[in-house]
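Single-letter residue listing:
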Amino acid sequence: MLKNNKIIISVLVFLQIQFSAFSFEKKIEKEKLPEIPNLSSRNEIFKEFSAIVDENYKALASGQEPLMLFFKVQVPEKTNLLSLSARCNIPYETLATLNNLNSNIKNIEGKELIIPTVPGLFINLESSEPLQVILKTRCIEILQNDNMCYTLGKDKFSFLQNQRFSPTERAYFLDTALGLPIDASLSYISSSFGPRINPFSGEWKNHNGVDFAASEGVPVYAIKSGKISLAKKNDTVFGNYIILKHNDSEITSVYAHLSKMTVYSGDIVNRGDIIGYVGQTGMATGPHLHFEIRFGGIAENPEKVLPIK
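Keep in mind that what you see is a predicted model, and the values were worked out from it rather than measured.

This brings us to the sheet that holds strand 2 (residues 35-36). One open sheet accounts for three strands, arranged 2-3-4; its pairing is mixed. This sheet does not close on itself; its edge strands, each paired only once, are strand 2 and strand 4 (112-116). Pairing of strand 2 with strand 3 (residues 70-74), which is carried by two bridges, proceeds in the parallel orientation. The residue of strand 3 that forms the bridge with Glu35 is Lys72.

On to helix 2 (residues 44-61). Taking 1.5 Å as the rise per residue, helix 2 with 18 residues should run 26 Å; its terminal C-alpha atoms sit 26 Å apart, in good agreement. Of the positions making up helix 2, those classed as buried are Phe46, Glu48, Phe49, Ile52, Val53, Asn56, Ala59 and Leu60. With its buried residues spanning 160° around the axis, helix 2 presents them on a single face. In this structure, helix 2 carries Lys58 and Ala61 as exposed residues pointing more than 90 degrees from its buried face. In the stretch just after helix 2, Gly63 is the one whose phi turns positive, near 80°.

Now for the packing of aromatic side chains. With the rule as written, the count across this model stands at 11 aromatic pairs. With a centroid separation of 6.1 Å and an interplanar angle of 70°, the aromatic rings of Tyr92 and Phe165 are classed as edge-to-face. Of this pair, Tyr92 sits in helix 4 (residues 92-98) while Phe165 sits in the loop between strand 7 (155-161) and helix 7 (167-174); the two residues are 73 residues apart in sequence, bridging distant segments of the chain. Here the two residues Tyr92 and Phe165 agree in accessibility, since each one is buried. When the centroid spacing of 4.5 Å and the interplanar angle of 40° are considered together, the rings of Phe122 and Phe159 count as tilted. Of this pair, Phe122 sits in strand 5 (residues 120-124) while Phe159 is found in strand 7, placing the two residues 37 residues apart along the sequence. We note that Phe122, like Phe159, is buried.

Successive residues of a regular strand alternate their side chains across the two faces of the sheet. Of the two faces of strand 6 (residues 149-152), the one holding Cys149 and Thr151 and the one holding Tyr150 and Leu152 are both buried throughout. Pairing geometry for strand 1 (residues 25-27) and strand 6, over three bridges, is parallel. The partner of Glu25 across the bridge, within strand 6, is Cys149. Pairing geometry for strand 6 and strand 7, over four bridges, is antiparallel. Residue pairing across strands places Tyr150 opposite Phe157, the latter belonging to strand 7. Counting the residues in the hairpin turn of strand 6 and strand 7 gives two residues, including Gly153, whose phi is positive at 65°.

Once that is clear, we can look at the environment of Glu126. By the element assignment, Glu126 lies in the loop between strand 5 and helix 5 (130-135). Expressed as a C-alpha distance, the spacing of Glu126 and Asp155, which sit 29 residues apart in the sequence, is 5.8 Å.

Let us now look at the pairing of strand 4. Where burial is concerned, most of strand 4 is hidden: four out of the five residues are buried. Pairing of strand 3 with strand 4 involves five bridges; the strand directions are antiparallel. Of the residues in strand 4, the one forming a bridge with Phe70 is Pro116.

Another aspect to go through is the nonpolar core. Within the largest apolar cluster, 28 residues are counted, with the highest numbers of intra-cluster contacts made by Phe49, Leu81, Leu84, Cys88 and Ile115. Contributing elements (two or more residues each) for this core: helix 2, strand 3, helix 3 (81-88), helix 4, strand 4, strand 5 and helix 5. For this core, the element with the most residues is helix 2, which contributes four residues. Here Leu84 is in contact with Leu39, Val75, Thr79, Leu95, Ile108, Leu113 and Ile115, once residues within four sequence places are set aside.

Turning our eyes to something else, we now look at unusual backbone geometry. Phi is positive for Asn100, which is not a glycine, with a value near 55°. Turning to its location among the elements, Asn100 is positioned in the loop between helix 4 and strand 4. Phi at His257 is positive, roughly 70°, even though this residue is not glycine. Secondary-structure assignment places His257 in strand 15 (residues 251-261).

It is worth spelling out the sheet that holds strand 7 at this point. Spatial ordering of the open sheet is given by 1-6-7-5, a layout of four strands whose pairing is mixed. In this open sheet, the two strands that pair with only one neighbour each are strand 1 and strand 5. Within this sheet the neighbouring strands show an average axis-to-axis angle of 30°, counted without direction. Here five bridges tie strand 5 to strand 7, and the two strands are oriented antiparallel to one another. Directly across from Gly120, in strand 7, lies its bridge partner Gln161.

On to a nonpolar patch on the surface, then. Taken together, the side chains of Phe200, Val237 and Met283 define a hydrophobic patch exposed on the protein surface, amounting to about 260 Å² of accessible area. Take Met283: its relative accessible area is 35%, and that puts it in the partly exposed class.

So, how was this worked out
Residues numbered from 1 in each chain as written. Predicted model: local features only at pLDDT ≥ 70, side-chain atom pairs only at ≥ 80, totals over all residues. Heavy atoms only, no water. Pairing = 2+ DSSP bridges. Helix = DSSP H or I, 4+ residues; strand = E, 2+ residues; numbered from the N terminus. Expected span 1.5 Å × (residues − 1). Buried < 20%, exposed > 50% of the residue type's maximum accessible area, 1.4 Å probe, protein only. Arc of directions from axis to C-beta. Phe/Tyr/Trp six-rings, centres within 6.5 Å; stacked < 30°, edge-to-face > 60°. Core = buried A, V, L, I, M, F, W, Y, C linked by side-chain atoms within 4.5 Å. Contact = heavy atoms within 4.5 Å. Axes fitted to C-alpha atoms, helices over the stretch in contact; angles between N-to-C directions. Patch = residues over 30% accessible without salt bridge, like charges linked within 9 Å, V, L, I, M, F, W, Y side chains within 5 Å. Areas by Shrake-Rupley, 256 points an atom, 1.4 Å probe, with all protein chains shown as cover. Salt bridge = Lys/Arg side-chain N within 4 Å of Asp/Glu carboxyl O.

Purely geometric stuff here, so don't read any function into it on its own.
So this is what it looks like as structure tokens:
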């Protein structure tokens, strides 16, 4: 199956490093994994990876043991979890559970992920993340598969071969879709994410969110459940604004220039709750909602993740 001599050598060395016939616990050393430089059929390493995956599906269908290998890849731009899954022919559940991705909206562009060659679920036995807690209710399956364990850094995984999310697990993973912060029929995007001329200084400056133009007093909604980490009045730039920290902790959303806020710092809110009303407080040229979404503290383009049509 492996035709390229260099790849044959690298895979053999990889096997010697990664696996021991006498070991019940298999160590994944990320720095030693073969890297797929790009997800192109013209790339030899990706071709070999794809060939191994194809053979593994045939092995699973015939009741034979597949060959588990691990590769790493830096996720290209404009690639999300579902498109990466389709390109690699590995279920999104497999990629998500191995790489500790607890929601389908997490931005993975530019991130280095580990890609296995066998479909299944990786149960992180060390994690207290809600999704992994739900997965660990599969205790019988985990105990029956205690000879198929992998360690990656401080994490220890039990691997359930060829398993997929249950309806409950899938609902939790996919129920991370964000709602709109404002009624689409009552607003429009007046300024997008990215470089723009600042209306006050006249200089080019990065706009870290999107502006929804709307009439003053239009309700503003929480895009997802979470805790109000800050509800501040009379800020020089943002006026009255709210920072909402969502339950998966890596995501925060920002709502600025509000005429009125209906929440206080420390409040718990649910998706769709009214948290304020459109205004023009702070540095605003007219009534609008300035909205930001941040992943790990880094502002991302809200139009990539919000259900904007």
